[in-house]
Every structure is written in C-alpha cells, then in structure tokens.
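A closer look at the structure
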Amino acid sequence: MTDDVLFFCQEFEALAGRRDEPGRYYQNRAYRNASVSFRNSTRHNCQKAAALLGTDGCPLHSITARAELVTKVGLNPFLFPAHLLPGCDLLSDSGTTTMTVEQWAQLLLGDEAYGSNEGYFELNEQFGVTFGEVWQQRFDAPLQTVFIFHQGRAAEHALFFNLARSLKVEGLKPLRQRLAGKTGDVYARILAEIERMERRVYASGQKWEEPVYLIPSNGHFDTTEANIAASNIIPLNLNCVEHRNNDEKFPFRGNINLVELGELLNTIPEHIPLVYLTITNNTGGGQPVAMANIRTVRRLTAEKRVPFFLDACRFAENAWFIQQREPGYQGREIKEIVREIFSEIDGFHISLKKDGLVNIGGALLIRADGLFVQRYPGLLEQLTDYQILTEGHPTYGGLAGRDLKAIAEGLRTVVNPEYLASRIGQVQRFAERLSASGVPIIKPAGGHAVYIDIDRFFAGISNEDTDYKGVAFVALLLIAGHRLCELGVYAFELEGRKPPRNNFVRAAIPRLTYEAQDLFATAEAIRLIYEHRERIPAVEVLSGKDLALRHFKSRFKFKQQKV
Ligand SMILES: Cc1ncc(COP(=O)(O)O)c(C=O)c1O
C-alpha cells in the first residue's frame, strides 16, 4: 500500500472512532432496511378515515382533526388509532420490533402441528444456548419446566395465580399485625401498599382478606404488580438509594436496595414466597441492574431458602450495560454475561416481545433443580394443568408454530454486540438531544426508553398532583403526532407521595424501527411543549379513576386554565 492510501486508511479509522454529534453521524447503523411501511400507504383513504371517525379532516394530515380525535379518545394514548400517527409511536417498545429477514424466513418454515411442533424443539434448544443448559426442557423429565405463553403478563398471571394457591396461610399472621410496632421507612411503605390494595378491593366491591405475603423487587412492572396484587400478595418496590436520590453518576440505578431486602429477609422470611429483579428496571427508568447486585440477592435469598426470580424482558440490554459499565466485565462477551446472570436464579418469566425481538410471545422457565421447585413441589404440575386450560399445550402456549421459530431466531440476534451498540446508542442519542434542549430526563438514559422527569419538568410552575399534567403533556404530544406514555402520578397512583418518586413520561423506542430523523422530530415537539410548559393545562378525569391499571382505561378532558 502507498503512503497516501495508508494515510486515508488511518483517517477513515479515526473518523469511524468519532462520537456522533447533533446533526452528524460517523458510523452507519448495524443494519439496513429490508422492508418499509409508508404511513400514508396506498390503502389509506383520508376521506374514509375522516368519515369513519367523524372528524373534520384526516387525523393523519390535519392537526385540528388530530386534536378532535384526541378529545374523542378521552386524551388516552392507548385508545388513539396508531395508523393515524404521522410521527413516532413511542408508547411501548413491546412487540413493536421490526423483524429481521431471517426471522421472516423462519415464519415461512413454521410447523403448525398441534403440540411439540418443530419450532418448540428449536426454541427449547435456543433457550439452552442463550440462558444456559439448565434452562432447557429435558424431554425425558417427568415434569414440564418450560412453559410458552402468548405474552409476558400471561406467564406472570399463571405464576402468581398458581403460587398463591400453593401458599399456606394458616399459622401466619396477616402482614399488618406482623409489622405492628416496627419502625422504619420500608415498613411504612409496606403498610401504605396494604392500604392501597385495601382501597382498591373495596372500590371493586370484592371481599377484603388481609394479605399475609409480599414479593419484593427492584421495581415491579405495572402488570406484574397488578398480577401479584390480584393474587392477594403485596408487591413491594425496593429502589436502591442512588435511584431515589436521583444520582446521575451511578451506573446501575436499577439495583434493588440490598439493605432493605436483607432486613425483610431477616425479619419476615416466612412471609416472602419469592424475590424478584426486573432487568432492566422498566418502572425505575429502564435502568440496568449490576451483576454484583444480582449475586448478592442470590446470596441473601439462598441463606433463607427463598426462591429468586427475574422478570427478564430486557436481559440482553442489561448484559450490555454490565459489559460497558461494571468493573471486570469489559472484555467479556455478551453471551457469557447473559449465562452468568441466569446461573444465579431459580426461575424467570419473560415477555419475548422485547429482547426476543418478536411481535408476540412470552415464557416462564423454572429451574428443575432450583429452590422454587424444592419449596413448591406441586407447582410444576399445577402450572401444566393451568396452561392447558388457558393457553393450550405448554409446547406452544397460545402461539403459532411459526412464531416459535421467529423467537428462536430473535434470541440469536439480540446478543449480537453490534445490534446492542446500535440499539442502545440510538436511545442515548435521543436522550442527549432532549437534554440539550433542557428537558429534564433520567440520566444516564436507560436501555430501551427515555424517561422525562415530570416533577422536574414542572418545577417552579403551579402543578398539583391531581392536575395530572403528565397526562396533559402526553395528550398534547399526541396532537403533535407523537405517542408517549404517562408512567407516573396517574399510572402508579402517586398522588400526595413526595418527590423523589418515579413520576415519568416515557418515550419507549421500538427496536430496529425508527431512524434518527424520526426521533429528532419527536424531540423537537417535546422541546416546544417544554418551552411553553406554563401553558400546559390540567386535566379532569372523566372516568376510570378508581380502577386497577387505570391508565389503560381512563378518559380525561383538558381543563380551562384560570387567568
Ligand atoms: C418489565 C416488564 N415486565 C412485564 C411486561 C409484560 O409483558 P407483556 O406486555 O408481553 O405482557 C412488560 C411489558 O411491557 C415489561 O416491560
């Protein structure tokens, strides 16, 4: 090679090593588009859309028609027709993935036999490759340990419903009596959770039974929390101190609070049927959990023989953060880190709609030689029966055979370091863009979403919790053409709880779906609203305020601002 060519080689290398700056990119995405979907497709008929919805114009193209439609759906983003959004749909990263061509090819190869189809064998093998051999169903084993479900919450429901039926209540005092006289923040929070559950049960007209059990976590997801509570168990979140103090420098703000967990395991172990970690911690800002934290939870739970589970939706993203941020893991492969995480636990459930890189799918995997099976020996049989009643045979769990193949392929792709760097890098760039406009976000940014901190967003501006301005902010963004989600005062019923607290509006980024231009356009709409935040009106709740999971169902209207 000539000196000149060498010169250019060195320059290209330096260019590729540069960090992206607003408006400039130095690296390509790790993938290219293999198929695209036009928002205004040839099948879209503006006149028909307007006539159908009774709006004055087509909501895809006219802002006033969109504002009309937002009013009609009661300002609730879950009820807004997705195909009429001209901007980014950041309501969820769940099931919104663009699949790879390899996955589409797998769909064509699907085997639709009833039970034990080819896809199941492939997926089971892939579970062993991804998570470690102990997680694979042994075909000569008398009991099922791998349960497929159509999505994550179905797996959660199966687990908690059947667990609650296996728990003995006799001989144990109700939690309120058990904690009488105990002082400290964690006990006060347990009592508050019991009262919250009691209020809900009374509001729904059901019979109230004092709960005896609680399940601690670093942060239960809303459906996990609701599934646990529906089984008359108290879901309890133990955010780590750095999370509560909003410590931006701390790299693992998704950790569980080990001091509080240790205290509960020492004082009331017989009231704790399971301990959970959600990786990454979605309700806690999409923040990762450190391997050291996982390992310590294993030690603490093993000492008391309490089973330890993961809600593992974003396991690969969490492993990426461990590789990037935790001392001792920099040279380690993502695949290895994933297996190390899963070697520490007794079971997990997973919504494969996230790091399974598919549009539908979930699973519950239980370790045959783990503490869970030892403590609840009848549960595997019970789960198998339950699954046959609700989802079909455990080998297909409500999914088509072709879906199982697409999941197996997705699990192969998701641990690719180039995929993960590009995925998480995109989320981080979007976060930096918002931050550069002064919008207060949770820092460092999480793996799958950017969380706008609503308490800081409205700092210094009149804002009562019952104004639900997070809901109003989301509704205004819908009018602008972008869909985000309130996960704060309204979704988690935080009225009156003092900051710091998880009061967020979340922008969840679908995998492999949008380009920087799309996200930057959303960032501009957010910036504009933020700059005029004193003009964001309060909302009135028209219906659904006392329902469980109320953010999915409620309707609101904007209040007229007093001048
Ligand atoms: C952490 C976590 N757990 C559980 C679920 C529920 O999964 P699914 O939506 O597949 O029911 C989600 C979904 O968003 C999640 O983020």
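Keep in mind it's a predicted model, so treat the numbers as computed, not measured.

Take the site of the ligand next. Contacts to the ligand come from 15 residues, most closely from Gln 151, Arg 153, Asp 311, Ser 351 and Lys 354. Arg 153 has a polar side-chain atom sitting 2.6 Å from an oxygen atom of the ligand. Protein contact buries 97% of the 390 Å² of open area that the ligand shows by itself. When atom positions are compared with the pocket grids, the ligand is found to occupy the second largest cavity. Among the elements that line the shell around the ligand, the one with the most residues is helix 6 (residues 152-166), at 3 residues. Looking at the shell around the ligand, its residues break down into 2 nonpolar, 7 polar and 6 charged.

Next up on the list: the pattern of salt bridges. Applying the stated criterion across every chain, the model contains 40 salt bridges. For Lys 405, the salt bridge identified is with Glu 118, shortest N-O distance 2.5 Å. Taken together, the residues span a long stretch of sequence, with Lys 405 in helix 17 (residues 401-414) and Glu 118 in helix 5 (residues 118-131) at a distance of 287 residues. Classification of Lys 405 by relative accessible area gives buried; the value is 3%. With a relative accessible area of 42%, Glu 118 lands in the partly exposed category. Note that Glu 225 and Arg 196 form a salt bridge whose closest N and O atoms lie 3.2 Å from each other. Here the residue Glu 225 occupies a position in helix 9 (residues 222-230), and Arg 196 occupies one in helix 8 (residues 185-203), the gap between them amounting to 29 residues. Side by side, Glu 225 and Arg 196 carry an identical accessibility label, which is buried. Among the charged side chains, a salt-bridge network with shared partners connects Asp 93, Arg 314, Glu 317, Asp 355, Arg 423 and Arg 511.

Bringing the pairing of strand 2 (residues 214-217) into the picture now. Taken residue by residue, a regular strand's side chains alternate between the two faces of the sheet. Of the two faces of strand 2, both are covered, the one formed by Leu 214 and Pro 216 as well as the one formed by Ile 215 and Ser 217. Sheet analysis places strand 2 next to strand 3 (residues 234-237), joined by 4 bridges and oriented parallel. When the bridges of strand 3 are listed, Leu 214 appears paired with Ile 234. With helix 9 bridging strand 2 and the parallel strand 3, this β-α-β connection has right-handed handedness.

There is about 1700 Å³ of room inside the largest pocket. In this structure, the largest pocket is lined by 47 residues; those nearest its centre are Ser 35, Val 36, Ser 37, Thr 98 and Thr 513. Within the residue set of the lining of the largest pocket, elements represented by two or more residues are helix 2 (46-53), helix 4 (101-108), helix 17, helix 18 (417-436) and helix 21 (516-531). It is helix 2 that contributes the most residues to the lining of the largest pocket, 4 residues altogether. Considered class by class, the residues forming the lining of the largest pocket number 19 nonpolar, 17 polar and 11 charged. Split by domain, the residues of the lining of the largest pocket number at least three in each of domain 1 (51-86 + 417-558) and domain 2 (105-169 + 214-414). Looking at the second largest pocket, its volume works out to about 1100 Å³.

Reading the values: the criteria
- Residues numbered from 1 in each chain as written.
- Predicted model: local features only at pLDDT ≥ 70, side-chain atom pairs only at ≥ 80, totals over all residues.
- Heavy atoms only, no water.
- Near = heavy atom within 4 Å.
- Polar contact = N/O pair within 3.5 Å; in protein donor to acceptor, adjacent residues only side chain to side chain.
- Areas by Shrake-Rupley, 256 points an atom, 1.4 Å probe, with all protein chains shown as cover.
- 1 Å grid on protein atoms, 1.4 Å probe; cavity = no way out; pocket = protein on both sides within 12 Å on 5 of 7 lines; lining within 4 Å.
- Sits in = over half its atoms within 2 Å of the grid points.
- Helix = DSSP H or I, 4+ residues; strand = E, 2+ residues; numbered from the N terminus.
- Nonpolar A, V, L, I, M, F, W, Y, C, P; charged D, E, K, R; others polar.
- Salt bridge = Lys/Arg side-chain N within 4 Å of Asp/Glu carboxyl O.
- Buried < 20%, exposed > 50% of the residue type's maximum accessible area, 1.4 Å probe, protein only.
- Pairing = 2+ DSSP bridges.
- Right-handed = clockwise from strand over helix to strand, strands pointing away.
- Points joined across faces, edges and corners; volume = space filled by probe spheres on them.
- Domains from an automatic or database assignment.

Bear in mind that shape data such as this cannot, by itself, settle questions of function.
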